[in-house]
Amino acid sequence: MQIADMMKPNGRVFLKSEWGPINDGWPCLSFTKRSVGDRLRLNFRPGRDVLIYVGTTSPETTEDPEHRSRLISAVTVEANHILETRKIVPPESWASSVANWGDRWPHSMAIIDAANIDGPPYPHAHDVIPAAYRSFAEIANRGGIVEAYDSEREAIMKLSATRLQLNLREDVIAYLKLRQVLSPEVDKLIKQDVWRMADLIIHRVKNGGEPSVKINPLRTAPNFSDLCALLFRKWQEDQKGVCALCGGRLTYQGVNRMLQPSADRIESLNGAYDENNVQITHMGCNLAKNKYGFEQFEDWLSVIRGTEINTL
């Protein structure tokens, strides 16, 4: 692949001086000054732009000489949120960093997409981006971000690279999944239905075990944000926008409550709303299955579809 495959044709190319390539030991973009993150938050657009790691010249920090002054990695960051570095990197990496350097990089952004530029030998920054590379020496840019323009931008986009699958912490993965729900590209009405279902589940979990006309069954669920991410992924990715019971298209914000999306526990005796026990259905399908059982529901579907069934 080329760097251009990680961005849009009109994307911007940003550069940051780093000690080494992106890796599982430090799977995020970190910075000392929050102002660096603020600049990215204002200018960087995931899916459109890319940020290139440029190895430092210092033998003390960039230990591998093949990385010094070289273009070594390309990443896409989630620039909308600045996170605490200690909550993103592995605990052992954070402990080692603090022991050697103190709390030098308290701020970070999560990595959405990552690749290492092919090498060695890695492309030399002097050769590919001479003007942008010189700008790192300016006082205002030290420890910060610079941008490649015109022919230098085009040269970076043509570089070959190998995409990486980073081993992220569970809370970071959950955050990135939640980001999908919050993306402006997601239909606002789908978001509203996902939040409605999540809120209803949280309410049911809270009331579990309390007496009403009957004893409410005990239920469990993730926290609200993780639950939203789970429901969104089920709707969009796993089920491709169709009801898990009848296979019909899921609709949202309609006036017919029977077609309203509903979070259904696959095994009703299992009170957990989790990855393995939750699916999204039409409200009518959910109610019918729960009242009459799955076999009778399947028979009813067969009649509706004009399929022969065994009535004996």
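Residues numbered from 1 in each chain as written. Predicted model: local features only at pLDDT ≥ 70, side-chain atom pairs only at ≥ 80, totals over all residues. Heavy atoms only, no water.

A short note on the pattern of salt bridges
Here's step 1: On inspection of all chains with the given rule, the structure shows 13 salt bridges.
Here's step 2: A salt bridge links Lys16 to Glu18; the shortest N-O distance between them is 3.0 Å.
Here's step 3: According to the relative accessible area criterion, Lys16 is buried, its value standing at 6%.
Here's step 4: For the salt bridge of Asp264 with Lys289, the shortest nitrogen-to-oxygen distance reads 2.9 Å. Highlighted residues: Asp264 in strand S9 (residues 261–265) and Lys289 in helix H9 (residues 283–292), separated in sequence by 25 residues. Neither residue differs from the other here; Asp264 and Lys289 are each classed as buried.
Here's step 5: When salt bridges with common partners are traced through the structure, they connect Arg233, Lys234, Asp238 and Glu275 into a single cluster. (Salt bridge = Lys/Arg side-chain N within 4 Å of Asp/Glu carboxyl O. Buried < 20%, exposed > 50% of the residue type's maximum accessible area, 1.4 Å probe, protein only. Helix = DSSP H or I, 4+ residues; strand = E, 2+ residues; numbered from the N terminus.)

Comments concerning the packing of H9 against helix H10 (residues 294–305)
Here's step 1: Taken N-terminus to C-terminus, the directions of H9 and H10 make an angle of 130 degrees; their axes are 6 Å apart at the nearest point. Classified by the interaxial angle, the pair formed by H9 and H10 is oblique. Taking contact as the criterion, the partners of Cys285, Ala288, Lys289 and Tyr292 in H9 are, on H10, Phe294, Gln296 and Phe297.
Here's step 2: Classifying every residue of the contact of H9 with H10 gives five nonpolar, one polar and one charged. (Axes fitted to C-alpha atoms, helices over the stretch in contact; angles between N-to-C directions. Parallel < 35°, antiparallel > 145°, perpendicular 65-115°, else oblique. Contact = heavy atoms within 4.5 Å. Nonpolar A, V, L, I, M, F, W, Y, C, P; charged D, E, K, R; others polar.)

Description of the nonpolar core
Here's step 1: In terms of nonpolar packing, the biggest core is built from 26 residues, with Leu51, Tyr53, Val75, Val77 and Ile111 touching the most fellow members.
Here's step 2: At the level of secondary structure, the elements contributing two or more residues to this core comprise strand S2 (28–31), helix H1 (34–43), strand S3 (50–55), strand S4 (71–77) and strand S6 (107–117). (Core = buried A, V, L, I, M, F, W, Y, C linked by side-chain atoms within 4.5 Å.)

As for the packing of helix H7 (residues 188–207) against helix H8 (residues 224–238)
Here's step 1: Packing of H7 against H8 leaves a shortest axis separation of 9 Å and a crossing angle of 125 degrees. With respect to each other, H7 and H8 are oriented oblique. The handedness of the crossing between H7 and H8 is right-handed. From H7, Ile190, Asp193, Val194, Trp195, Met197, Ala198, Asp199, Ile201 and Ile202 reach across to H8, where they touch Phe224, Leu227, Cys228, Leu231, Phe232, Trp235 and Gln236.
Here's step 2: Here the contact of H7 with H8 is composed, by residue class, of 13 nonpolar, one polar and two charged. (Left-handed = near helix turned anticlockwise from the far one by under 90°.)

Structural notes on the packing of aromatic side chains
Here's step 1: A full pass over the atoms with the stated rule returns eight aromatic pairs.
Here's step 2: On the basis of an interplanar angle of 75 degrees and a centroid distance of 6.3 Å, the ring pair of Tyr133 and Phe136 is categorised as edge-to-face.
Here's step 3: An aromatic cluster of three or more residues is present, and its members are Trp19, Trp26, Trp94, Trp101 and Trp105. (Phe/Tyr/Trp six-rings, centres within 6.5 Å; stacked < 30°, edge-to-face > 60°.)

Quick notes on unusual backbone geometry
Here's step 1: Each neighbour pair has its own omega, and for Gly119 with Pro120 the value is -5 degrees, a cis peptide bond.
Here's step 2: You can see Pro120 is positioned in the loop between S6 and helix H3 (125–128).
Here's step 3: Geometrically, the link from Pro120 to Pro121 is a cis peptide bond, its omega value of -5 degrees lying close to zero.
Here's step 4: Not every positive phi belongs to a glycine, and Asp150 is a case in point at roughly 50 degrees.
Here's step 5: Relative to the elements of secondary structure, Asp150 occurs in helix H5 (residues 150–157).
Here's step 6: A positive phi angle, close to 55 degrees, is found at Lys240, a residue other than glycine.
Here's step 7: Within the secondary structure, Lys240 is located in the loop between H8 and S9.

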